[in-house]
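Residue-level structure breakdown
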Amino acid sequence: MTTVHPVATGTPAGPAVGMPATWRDIDTPALVLDRSVLDRNIAAMQARADRAGVGLRPHVKTHKCLRIVEAQLKVGAIGVTVAKLDEAAMLIDSGAASVLVANQIVTTKKIARAISLSQHAELILGVDSHDGINMLAEAARNTGVAIKVSIEIDCGLCRCGVVPDDAPALAGLVANSPDLRLAGVFTHGGHAYGARDETALDDAAVEECEAAIAAAEAIRARGHAVETVSIGSTPTASRFAGRAGITELRPGNYVFNDGIQMSLGVADIDACALTVAATVISRSAPERAVIDAGSKTFGLDQGAHGTHLLDHFGQMLGGDGRLVRLSEEHGVLEVPPDSGLRPGDGLRIVPNHACVASNLAADFWILDGERVVDRWPIDAAGGSR
């Protein structure tokens, strides 16, 4: 097992030898992470779950970083959620005890890998079809390894998952497979990212809860136990309000927040822990500043799940610049003509989608104010299998 070093607490004494003194001294582009904002976001979501009496199983795809996982577990998270087995392997190799793969595993190679990982920790696999369940059941039978599964419910995103009325049939198939164990049901209120106002966000949160609860009740009516009823979405987490019947929350983006969360009114810029440090390389026109970070740093999201809530690609921290155009290695900022930005100046930009930025980078530079105090690897960056 890989040892995960404890996350430091308190005020850091200063940068290590050879560490840049401030974020302005970092070679750009780079991801910088405000430690105090990160800690505040982690604590606030855990407190919300604790008040509601539910478990918090945060989604790790947002940051893919063991140091942040450790901080989440330290304040009370009951386990973690991943989208890919690469992320699960990173966590289990480092000692994680309980991992939900909120995705479908349906190929021979992936199922074999999942079975191997399940020998070292509780691994729960998402299912949403007879074919997927049968594949897992056959592999479990052939290897003699019991597999835990959770049925994915579609609450309005129209991606993976079944409607609540179809969940009992899948539960019955799991029950009839001697080597499968039903852990529960889960859903993701991702359609909240298309909300244009507070009412639509509220509606998405209600639909998310109601779909998961209805599926669990329908399964129980057929005589099958459902232990976990799990929902997951940062925009809807604050609207959950301890709905009876829900046992688990699985938000991910809340640790950082980003431009998309701001566009939904879920967070303000002071709650955005992650920024991209970049350098102005050109002022080729009065209303334009060009930086050394493009789509290979920020991604191209202007809204999650294909929505277009934003008309830019990032917002300058502490300034009026908006990132209006990207190519691979260049970002074009729209700035006031009298902006004092000059080539060589450093600046920080809140990305639209923090999860994508994390996956494209190798590490986070950790800040205490403007001081650099540490550098954390993004352990599963690029892990897409």
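Residues numbered from 1 in each chain as written. Predicted model: local features only at pLDDT ≥ 70, side-chain atom pairs only at ≥ 80, totals over all residues. Heavy atoms only, no water.

A look at the environment of Thr 307
What counts is decided by this rule: Numbering of helices and strands starts at the N terminus; helices are DSSP runs of H or I of at least 4 residues and strands are runs of E of at least 2. Contacts between residues were defined by any pair of non-hydrogen atoms, one from each residue, lying within 4.5 Å.
Assignment of secondary structure puts Thr 307 in the loop between helix H10 (295–298) and strand S12 (314–316). Taking C-alpha positions, Thr 307 is 20 Å from Ala 237, a pair spaced 70 residues apart along the chain. If we ignore the near neighbours within four places in the chain, the residues touching Thr 307 are Tyr 193, Gly 194 and Gln 302.

What about the sheet that holds strand S9 (residues 248–249)?
Which entries qualify depends on this criterion: Following DSSP output, two strands are said to pair if at least two bridges run between them. Between N-to-C directions, angles cover 0 to 180 degrees, with each direction set by a line fitted to C-alpha atoms, over the stretch in contact for helices.
Reading across from one edge, S2-S9-S8-S7-S6-S5-S4-S3 is the order of the eight strands in this open sheet, with parallel pairing throughout. In this open sheet, the two strands that pair with only one neighbour each are strand S2 (55–56) and strand S3 (80–82). Where S3 meets strand S4 (residues 98–104), three bridges bridge the pair, whose relative direction is parallel. Bridging from a neighbouring strand, Thr 81 pairs with Leu 100 of S4. Sheet contacts for helix H5 (residues 130–143): strand S5 (122–127), strand S6 (147–153) and strand S7 (180–187); angle to S7, the most-contacted strand, approximately 150°.

Describing empty space enclosed by the protein
Counted only if it meets this: Cavities and pockets were defined on a 1 Å grid built over protein atoms only: a cavity is a set of grid points that admits a 1.4 Å probe from which the probe cannot escape, a pocket is an open set flanked by protein on both sides within 12 Å along at least five of seven lines, and lining residues are those with an atom within 4 Å of any such point. Grid points are joined across faces, edges and corners, and a volume is the space filled by probe spheres set on the points. Amino acid classes used here: Ala, Val, Leu, Ile, Met, Phe, Trp, Tyr, Cys and Pro are nonpolar; Asp, Glu, Lys and Arg are charged; the rest, including Gly, are polar.
One pass over the full model with this rule turns up two cavities of 30 Å³ or more. There is about 40 Å³ of room inside the largest cavity. Glu 152, Ile 153, Asp 154, Cys 155, Leu 157, Arg 159, Cys 160, Thr 187 and His 188 together form the lining of the largest cavity. Of the residues assigned to the lining of the largest cavity, the class counts are four nonpolar, two polar and three charged. Reported here for the second largest cavity is a volume of approximately 30 Å³. Together, Gln 104, Ile 105, Val 106, Gly 126, Val 127, Asp 128, Ser 129, Gly 132 and Leu 136 line the second largest cavity. For the lining of the second largest cavity, the secondary-structure elements that each account for two or more residues are S5 and H5. Partitioned by chemical class, the residues of the lining of the second largest cavity number four nonpolar, four polar and one charged.

Describing the nonpolar core
As a rule of thumb, nonpolar side chains are buried together in soluble globular proteins. Keep this limit in mind: Residues grouped as a nonpolar core are buried Ala, Val, Leu, Ile, Met, Phe, Trp, Tyr and Cys residues, joined through side-chain atoms within 4.5 Å. Think of it in three bands: with a 1.4 Å probe and only protein chains considered, a residue is buried below 20% of the maximum accessible area for its type, exposed above 50%, and partly exposed in between.
In this structure, Leu 33, Leu 91, Ile 151, Phe 256, Ile 291 and Phe 364 are the most contacted members of the largest nonpolar core, which totals 97 residues. Ranked by residues supplied to this core, first place goes to helix H7 (residues 198–221) with seven residues. Dropping the residues within four chain positions of it, Leu 33 is found in contact with Leu 38, Ile 68, Phe 256, Ala 273, Leu 274, Phe 364, Trp 365, Ile 366, Leu 367 and Trp 376. Core analysis: the second largest hydrophobic core is formed by 10 residues, Ala 192, Leu 201, Ala 304 and Leu 309 among them.

Quick word on helix H3 (residues 85–93)
Residues lying three or four places apart along an α-helix face the same way, a consequence of the helix completing one turn every 3.6 residues. Most of H3 is tucked away, with eight of its nine residues classed as buried. Among all positions of H3, only Leu 85, Asp 86, Glu 87, Ala 88, Ala 89, Met 90, Leu 91 and Ile 92 are buried. Contacts from the buried residues of H3 go to helix H2 (66–74), S3, S4, helix H4 (108–117) and S5.

A closer look at the side chain of Asn 41
Secondary-structure assignment places Asn 41 in helix H1 (residues 35–52). What makes Asn 41 buried here is its relative accessible area of 10%. Not counting residues up to four positions away in its chain, the partners in contact with Asn 41 are Tyr 254, Val 255, Phe 256, Asn 257, Ala 271 and Ala 273.

With respect to the packing of aromatic side chains
To keep it simple, the criterion reads: In this analysis, rings of Phe, Tyr and Trp, with Trp reduced to its six-membered ring, are considered paired at centre separations within 6.5 Å, and the interplanar angle assigns stacked below 30 degrees, edge-to-face beyond 60, and tilted for intermediate values. A ring is considered to have a charge above it if a Lys NZ or an Arg CZ atom is located within 6 Å of its centre and within 35 degrees of its normal.
Summed over the entire model, instances satisfying the criterion amount to one aromatic pair. Above the plane of the ring of Trp 23 lies Arg 348, whose end atom (NZ or CZ) is 5.6 Å from the centre.

Things to note about the layout of surface pockets
Taken as a whole, the largest pocket spans an internal volume of roughly 770 Å³. Considering the residues around the largest pocket, the lining is formed by 35 residues, among which His 59, Lys 61, Ala 83, Arg 159 and His 305 are closest to the centre. Secondary-structure elements contributing two or more residues to the lining of the largest pocket are S4, helix H9 (259–263) and helix H11 (354–360). Within the lining of the largest pocket, the residues separate by chemical class into 11 nonpolar, 16 polar and eight charged. By volume, the second largest pocket is sized at about 250 Å³. Lining the second largest pocket are 17 residues, with Arg 57, Ile 124, Glu 227, Thr 228 and Glu 248 positioned closest to its centre. For the lining of the second largest pocket, the elements supplying multiple residues, two or more each, are S5, S6, S7 and strand S8 (228–231).

As for the pattern of salt bridges
Heads up, the condition is: Salt bridges are defined by distance alone: a side-chain nitrogen of Lys or Arg within 4 Å of a carboxyl oxygen of Asp or Glu.
As enumerated under the stated definition, the model contains 15 salt bridges in all. Here Glu 122 makes a salt bridge to Lys 148, at a shortest N to O gap of 2.6 Å. Of the two residues, Glu 122 is situated in strand S5 and Lys 148 in strand S6; the sequence distance between them amounts to 26 residues. For Lys 148, a relative accessible area of 31% translates into the label partly exposed. Between Asp 363 and Arg 375 there is a salt bridge, with the nearest N and O atoms lying 2.9 Å from each other. With Asp 363 in strand S16 (residues 363–368) and Arg 375 in strand S17 (residues 371–377), this pair connects stretches of sequence that are 12 residues apart. Judged by relative accessible area, Arg 375 falls into the partly exposed class, the value being 42%. Among the charged side chains, a salt-bridge network with shared partners connects Glu 198, Asp 202 and Arg 239.

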